[in-house]
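The chain contents come next:
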Amino acid sequence: MVSDLLHSFREVWAQLSGIGRAPDGGYLRFAWSPAEIELRDWFHAQAAARDMPVTSDGNGNLFATWGDGEPGGVLTGSHFDSVPHGGAYDGPLGIVSAFLAVDVLRSRGFQPVRAITVAAFAEEEGSRFGVACLGSRLLTGAIDPERAAALTDRDGLSLGDVLGVVPHGARPSFVARFDAYVELHVEQGRALGSPVGVASAIWPHGRWRFDVEGEGNHAGTTLMSDRRDPMLTYAFTVLAANKEARLRGGHATVGRVEVVPNATNAIPSGVRGWLDARAADDETLAAMVEALAKKATERAGRDGTAIRFTAESTTGEVRFDEGLAARLATLLGDVPVLPTGAGHDAGVLSAHLPTAMLFVRNPTGVSHAPAESATDDDCAAGVLALARVLEELSGRPLVDHDEGVARA
Ligand code: GLV
Ligand code: MN
Ligand code: MN
């Protein structure tokens, strides 16, 4: 019954609401922080309560399985980690919905032909180590484990230090056990007018660090004409990024900056910024970043500074399995099929197995901010939709493992 489901959703959601919550209502749930570890403990408890054995892949990702005891079959889930002061729904909604969808199916007496595995992927936001979808990249071999182990957080701790080992890296035979991945996620813009939708594509996107070097000096005594002020080059770069994105219908954001020495009465010696750039296709994104780097370099020449761009995390355009998206949209009652500018582990996994995403309506379109929201009714509709999808896919496998052929 829908009212029972609403009740269960509210009950489970309330268990998470205090974990890693900052006074502004946003969340500080960085990968392997105490808050995120508490969420992992919660994952273990939820799995135990449902008799679902939990395994890890040696990359920080967790898997709880309902089925023959081995992870495999249909994979669903999302991530626990957040951006700094992020919303409650981005990530955890997919994991909570997955466990509740298992409950819905069990209450109907459903027995999966193929296992249903619930995943919690590590460091999806890349807020701690700078590379988005780090856990799913490691699992699928999209990043070298030694490179990942050497990534450092803002305190200078490396991933290797935090884990105590170099992550395992690619596990192709583990990935091959899954027929499909379906990630439920709150929609992160204002694009979805119905409670639930299906994703068609993810815009290509990436993060570039840019380092501007100048000359530190006295704010009161240095003639304006003598200055080599990196803040000017930085400011120009931010404005130019905005312009290049607007010209191409893309998105560009500089949401993080560090200034050395960060003193009111000193011209900085260096400014480091991080550009997040996205566009509808790979060519447009590449052209946008290239044009920006060219303009910023010219400007640095005029400012007497030097600027260097370094790609920290890039993800190409993702087109989800069209047949699967259409099948799920029909199954759910002709719900909308829409692209997104937000990145997801589903994008990484889609290169390896049939992958789909379900979106739950975001009434305000706000995300990556404390005000992110979704109504309880829409979240319950999301759980029912996911249950329907898991029922369909775990009863009728997409991949014939004997022939290794993906079915539409
Ligand atoms: C993750 O949510 C991203 O799109 O950066
Ligand atoms: Mn996010
Ligand atoms: Mn997310």
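Use the structure listed above.
To start, this report covers the structure provided alongside it. Bear in mind that the values here come from a model prediction, so they are computed numbers and not experimental data.

Side note on the coordination of the manganese ion (ligand 3)
Stage number 1. Of the protein atoms, only His79 (NE2), Asp90 (OD) and His185 (NE2) coordinate the manganese ion (ligand 3), at distances of 2.0 to 2.2 Å.
Stage number 2. Mapped onto the sequence, the donors of the manganese ion (ligand 3) take the spacing H-x10-D-x94-H.
Stage number 3. In this structure the manganese ion (ligand 2) is found 3.6 Å away from the manganese ion (ligand 3), and Asp90 serves as a bridging donor for the pair. Separated by 106 residues along the polypeptide, His79 in strand E3 (residues 73-79) and His185 in strand E5 (residues 178-186) bring together distant segments of the chain.

Topic: the environment of Pro204
Stage number 1. Tracing the chain through its elements places Pro204 in the loop between strand E6 (196-202) and strand E7 (205-213).
Stage number 2. Remark: the alpha-carbon pair of Pro204 and Thr314, spanning 110 residues in sequence, is separated by 7.8 Å.
Stage number 3. If sequence neighbours within four positions are ignored, Pro204 has contacts with Ala277, Arg278, Ala279, Ala280, Asp281, Asp282, Leu285, Thr315, Gly316 and Glu317.

Section: the site of ligand 1
Stage number 1. Within the structure, ligand 1 sits among Glu125, Arg278, Ala342, Gly343 and His368.
Stage number 2. Contact distances for ligand 1 include 3.2 Å between an oxygen atom and a side-chain N or O atom of Glu125.
Stage number 3. One of the side-chain N or O atoms of Arg278 is found 2.8 Å from an oxygen atom in ligand 1.
Stage number 4. Bound to the protein, ligand 1 loses 94% of the 190 Å² it would expose on its own.
Stage number 5. For the shell around ligand 1, the residue count by class is one nonpolar, two polar and two charged.

Focus: the pairing of E6
Stage number 1. Taken across its seven residues, E6 has six buried, putting it largely inside the fold.
Stage number 2. Bridge count between E6 and strand E15 (residues 355-360): three bridges; the pairing is antiparallel. Note on E15: the bridge partner recorded for Gly197 is Phe359.
Stage number 3. As defined by bridge partners, E6 adjoins strand E14 (residues 337-340) across three bridges and the pair is classed as parallel. Directly across from Ile202, in E14, lies its bridge partner Thr340.

Describing the packing of aromatic side chains
Stage number 1. Applying the stated criterion across every chain yields a total of 15 aromatic pairs.
Stage number 2. Through successive ring pairs, a cluster of aromatic residues spans Phe63, Phe121, Phe174, Phe178 and Tyr181.
Stage number 3. Positioned above the aromatic ring of Trp66 is the side chain of Arg106, whose terminal nitrogen or guanidinium carbon lies 4.7 Å from the ring centre.
Stage number 4. Positioned above the aromatic ring of Trp274, the side-chain terminus of Arg256 is 3.7 Å from the ring centre.

Some points on the coordination of the manganese ion (ligand 2)
Stage number 1. All of the protein donors around the manganese ion (ligand 2) are Asp90 (OD), Glu125 (OE), Glu125 (OE) and His368 (NE2); their distances to the metal are 2.0 to 2.6 Å.
Stage number 2. Sequence spacing among the residues donating to the manganese ion (ligand 2) works out to D-x34-E-x242-H.
Stage number 3. For His368, a relative accessible area of 38% translates into the label partly exposed.

Considering the nonpolar core
Stage number 1. The biggest cluster of nonpolar side chains holds 60 residues, and the ones touching the most others in it are Phe43, Leu93, Phe99 and Leu358.
Stage number 2. By residue number, the principal contributor to this core is helix H3 (residues 92-107), which donates 10 residues.
Stage number 3. In this structure Leu93 touches Phe9, Trp13, Leu184, Val186, Val360 and Cys379, once residues within four positions along its chain are discounted.
Stage number 4. Ala119, Phe178, Ile202 and Phe320 belong to the second largest nonpolar core, which has 20 residues in total.

Quick notes on the sheet that holds strand E12 (residues 306-315)
As a general point, the strands of a sheet are linked pairwise by backbone hydrogen bonds and lie either parallel or antiparallel.
Stage number 1. Strand order in the open sheet formed by four strands is E9-E11-E7-E12, with antiparallel pairing between adjacent strands. The sheet terminates laterally at strand E9 (251-260) and E12, the two strands that pair on one side only. Taking the axes of each pair of neighbouring strands and ignoring which way they run, one obtains an average angle of 20° across the sheet.
Stage number 2. Two elements, E7 and strand E11 (residues 270-278), share nine bridges in a ladder whose sense is antiparallel. In the sheet register, His205 faces E11, and the bridge partner there is Arg278.

The rules we used
Residues numbered from 1 in each chain as written. Chains lettered and ligands numbered in written order. Predicted model: local features only at pLDDT ≥ 70, side-chain atom pairs only at ≥ 80, totals over all residues. Heavy atoms only, no water. Donors = N, O, S within 2.8 Å, 3.2 Å for Na, K, Ca; no water. Helix = DSSP H or I, 4+ residues; strand = E, 2+ residues; numbered from the N terminus. Contact = heavy atoms within 4.5 Å. Near = heavy atom within 4 Å. Polar contact = N/O pair within 3.5 Å; in protein donor to acceptor, adjacent residues only side chain to side chain. Areas by Shrake-Rupley, 256 points an atom, 1.4 Å probe, with all protein chains shown as cover. Nonpolar A, V, L, I, M, F, W, Y, C, P; charged D, E, K, R; others polar. Buried < 20%, exposed > 50% of the residue type's maximum accessible area, 1.4 Å probe, protein only. Pairing = 2+ DSSP bridges. Phe/Tyr/Trp six-rings, centres within 6.5 Å; stacked < 30°, edge-to-face > 60°. Lys NZ or Arg CZ within 6 Å of the ring centre and 35° of its normal. Core = buried A, V, L, I, M, F, W, Y, C linked by side-chain atoms within 4.5 Å. Axes fitted to C-alpha atoms, helices over the stretch in contact; angles between N-to-C directions.

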